[in-house]
Amino acid sequence: MNLIFVFVGGGIGSVARYITTTFIKNVTAVSFPFGTLTVNIIGSFFMGLITALIAEKFFSNAEPFRLALAVGFLGGFTTFSSFSMETLTLIERHEILYALTNVAANVAFGLLAAYFGFTLMKNIL
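Source: prediction; values computed, not measured. (Residues numbered from 1 in each chain as written. Predicted model: local features only at pLDDT ≥ 70, side-chain atom pairs only at ≥ 80, totals over all residues. Heavy atoms only, no water.)

A.B. asks: An account of the overall build of the protein is needed here, citing residue identities and associated values.
C.D. replies: The helix and strand inventory of the protein stands at five helices and zero strands. When the helices and strands of the protein are read in sequence order from the N terminus, they spell out α-α-α-α-α. Overall, the C-alpha framework of the protein stretches about 50 × 35 × 30 Å when taken along its three principal axes. Put simply, the protein has 125 residues, and 22% of those count as buried. Pairs at least 24 apart in sequence give 57% of the contacts found in the protein among residues at least 6 apart. Each charge class in the protein can be summarised by its mean position, and for the 6 positive and 5 negative side chains these summaries are 15 Å apart. (Helix = DSSP H or I, 4+ residues; strand = E, 2+ residues; numbered from the N terminus. Buried < 20%, exposed > 50% of the residue type's maximum accessible area, 1.4 Å probe, protein only. Contact = heavy atoms within 4.5 Å. Lys, Arg positive; Asp, Glu negative; His and termini not counted. Charge placed at Lys NZ, Arg CZ, Asp CG, Glu CD.)

Structure, rendered in structure tokens:
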């Protein structure tokens, strides 16, 4: 049953991301990825809300809610929300060096992975 919660939430999140980014791309006339920036900010905001609701035990059985929304929907909508929440958790624990390392590693390795994947495929084609 847990997989169904993640599956449905992820599908809806992915469609929502597509609709949002496409809409924003159509209304802006610049090459900056405002659509992705928008979904990342919205996703981070909602990850914070969901995490707080679960932490405060707002739901008597939070696991289906967490799986459908935090893992599924926000995972499909954006992965940046998890990154943001994990970094915030490190900061709240006063693990500033780990938080800064998390930020630097995610950005640097994400860009490197994109570069290597792009370059590999370009060379194959």
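A.B. asks: I'd like a rundown of a nonpolar patch on the surface, residues and numbers included.
C.D. replies: On the surface, Met1, Ile4, Phe7, Val8 and Ile12 cluster together to form a nonpolar patch covering roughly 570 Å² of accessible area. Along the chain, Ile12 turns up in helix α1 (residues 2-27). (Patch = residues over 30% accessible without salt bridge, like charges linked within 9 Å, V, L, I, M, F, W, Y side chains within 5 Å. Areas by Shrake-Rupley, 256 points an atom, 1.4 Å probe, with all protein chains shown as cover. Salt bridge = Lys/Arg side-chain N within 4 Å of Asp/Glu carboxyl O.)

A.B. asks: Quick one: what's the story with the packing of helix α2 (residues 34-55) against helix α3 (residues 62-77), residue by residue and with numbers?
C.D. replies: Packing of α2 against α3 brings their axes to within 10 Å, and their N-to-C directions diverge by 170 degrees. With respect to α3, the axis of α2 lies roughly antiparallel. Where α2 approaches α3, its residues Val39, Ile42, Gly43, Phe46, Met47, Ile50, Leu53 and Ile54 are matched on the opposing element by Ala62, Phe65, Arg66, Leu69, Ala70, Leu74 and Phe77. Here the contact of α2 with α3 is composed, by residue class, of 13 nonpolar, one polar and one charged. (Axes fitted to C-alpha atoms, helices over the stretch in contact; angles between N-to-C directions. Parallel < 35°, antiparallel > 145°, perpendicular 65-115°, else oblique. Nonpolar A, V, L, I, M, F, W, Y, C, P; charged D, E, K, R; others polar.)

A.B. asks: Now, about the environment of Tyr98: what can you tell me, with residues and values included?
C.D. replies: Within the secondary structure, Tyr98 is located in helix α5 (residues 96-124). Since its relative accessible area comes to 57%, Tyr98 is described here as exposed. It is 26 Å that separates the C-alpha atoms of Tyr98 and Thr38, two residues lying 60 residues apart in sequence.

A.B. asks: Can you tell me about the packing of α2 against helix α4 (residues 80-92), naming the residues and giving the values?
C.D. replies: Angle between the axes and distance between the axes: these two values describe a pair of packed helices. In the contact formed by α2 and α4, the axes pass within 8 Å of each other and the chain directions differ by 55 degrees. Classified by the angle between their axes, α2 and α4 sit oblique to one another. In this structure, the crossing between α2 and α4 has a hand that is right-handed. In this structure, α2 contributes Asn40, Gly43, Ser44, Met47, Gly48 and Thr51 to the contact, and α4 contributes Phe80, Ser81, Ser82, Ser84 and Met85. (Left-handed = near helix turned anticlockwise from the far one by under 90°.)

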